[in-house]
Amino acid sequence: MPRNIALCVALAACRFSGDYRGGDYTCKDGVCPSDLVCVAAHCVGSAIDGPPIDGTHLPDMRVAALTCADPGALPASGTTVGRALLMSASCGGFVMNGRDAVYKLDATLGQQLLVTVTGNFAVKAYVLAPCLATPQTPLCVGNTFATPGNPAAITTTTAGAQFVVVDSENPTLEGSYTITVE
C-alpha cells in the first residue's frame, strides 16, 4: 500500500467530503472534481458558471446525453459531430435520418411554439411528443420542421413533455447549431 494511503488509514484523517446526489457536487471540504471550483460549498465551473445567482441553487453540472432518455435544456448550442443516429422522424414528407441532439421542454395543450435553428450544415429542428427512437418513425408535431432562416410555428397536440430534436435528412451531414424555442 502506498505510504500516503497507509498514513491516511492509520490516522483516519484523510477524507473527501463529496455528495453527488441530484447532479450537484458539494464541497464542504473545499475539494471538487477536476475542472470545477468550490464556491459556497458547491462545485461549479470556474469562469463560465460562477456562483449561483440566488445563492441557493446551482445548475446541474452533469452534461446531458441529448437523447430521448436524457435530453438537454433549451436554448442550446452544440454539435451533431460524432452524435448517434437515434431516430428517424417523418416531417413534412421528409425522413430525418441524421445525427440527433434532443432537448426537452414542458408545454400545455395547444401552446404555440416557435422553433428557430441555425447551423453550418443542412440542419433541421422539429418537435416530437412523445420522443420515440428507432425503429419507430414518429410524425413531427405539426408535420413541420425549422431550417436556418425558416422558423417553425408549432401548436402542441399534447400537454407535458415536448422534445425538440436537432437533426438532418442525411446521416453524413453534421456540424454545429444553435436552437431556441419561444
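Residues numbered from 1 in each chain as written. Predicted model: local features only at pLDDT ≥ 70, side-chain atom pairs only at ≥ 80, totals over all residues. Heavy atoms only, no water.

### Describing the overall build of the protein chain
Scanning the protein chain from terminus to terminus reveals one helix and 13 strands. Along the protein chain, from the amino end to the carboxyl end, the secondary structure elements read α-β-β-β-β-β-β-β-β-β-β-β-β-β. Counting across all 182 residues of the protein chain, residues that qualify as buried make up 34%. A sequence separation of at least 24 residues applies to 66% of the contacts in the protein chain between residues at least 6 apart. A total accessible area of about 10,000 Å² is found for the protein chain, and carbon and sulfur atoms account for 58% of it. (Helix = DSSP H or I, 4+ residues; strand = E, 2+ residues; numbered from the N terminus. Buried < 20%, exposed > 50% of the residue type's maximum accessible area, 1.4 Å probe, protein only. Contact = heavy atoms within 4.5 Å. Areas by Shrake-Rupley, 256 points an atom, 1.4 Å probe, with all protein chains shown as cover.)

### Brief notes about the pattern of salt bridges
This model, assessed by the stated rule, comprises two salt bridges. Of the charged contacts, one joins Arg99 and Glu174 as a salt bridge, the two residues approaching to 3.0 Å between their closest N and O atoms. Of the two residues, Arg99 is situated in the loop between strand S7 (94–96) and strand S8 (101–107) and Glu174 in the loop between strand S12 (160–167) and strand S13 (176–181); the sequence distance between them amounts to 75 residues. Note on Arg99: relative accessible area 23%, which makes it partly exposed. Given the relative accessible area of 34%, Glu174 is considered partly exposed. (Salt bridge = Lys/Arg side-chain N within 4 Å of Asp/Glu carboxyl O.)

### Some words on the sheet that holds strand S11 (residues 152–155)
In space, the four strands of this open sheet follow the order S5-S13-S9-S11, with antiparallel pairing throughout. With one partner strand each, in any of the chains shown, strand S5 (76–79) and S11 form the two edges of the open sheet. Between one strand axis and the next, the sheet turns through 25° on average, direction left out of account. One ladder, built from five bridges, connects strand S9 (residues 112–119) with S13; its direction is antiparallel. Bridge pairing in S13 places Val117 opposite Ile179. (Pairing = 2+ DSSP bridges. Axes fitted to C-alpha atoms, helices over the stretch in contact; angles between N-to-C directions.)

### Brief notes about the state of the cysteines
This model, assessed by the stated rule, comprises two disulfides. Here Cys68 is linked by a disulfide to Cys131, with a sulfur-sulfur distance of 1.9 Å. Across the disulfide from Cys68 to Cys131, rotation about the S-S bond amounts to roughly -60°, and the bridge is consequently left-handed. Taken together, the positions of Cys68 in the loop between strand S4 (42–45) and S5 and Cys131 in the loop between strand S10 (124–128) and S11 put the pair 63 residues apart, joining distant regions of the chain. (Disulfide = S-S within 2.5 Å.)

### A short note on the packing of aromatic side chains
Remark: the centre distance and the inter-plane angle together describe each pair of aromatic rings, the angle taken between the planes. Taken as a whole and judged by the stated rule, the model has two aromatic pairs. Residues Phe94 and Phe145 carry aromatic rings whose centres are separated by 5.7 Å and whose planes lie at 85° to one another, so their mutual orientation is edge-to-face. With Phe94 in strand S7 and Phe145 in the loop between S10 and S11, this residue pair connects regions lying 51 residues apart in the sequence. Judged by its relative accessible area of 36%, Phe94 falls in the partly exposed class. (Phe/Tyr/Trp six-rings, centres within 6.5 Å; stacked < 30°, edge-to-face > 60°.)

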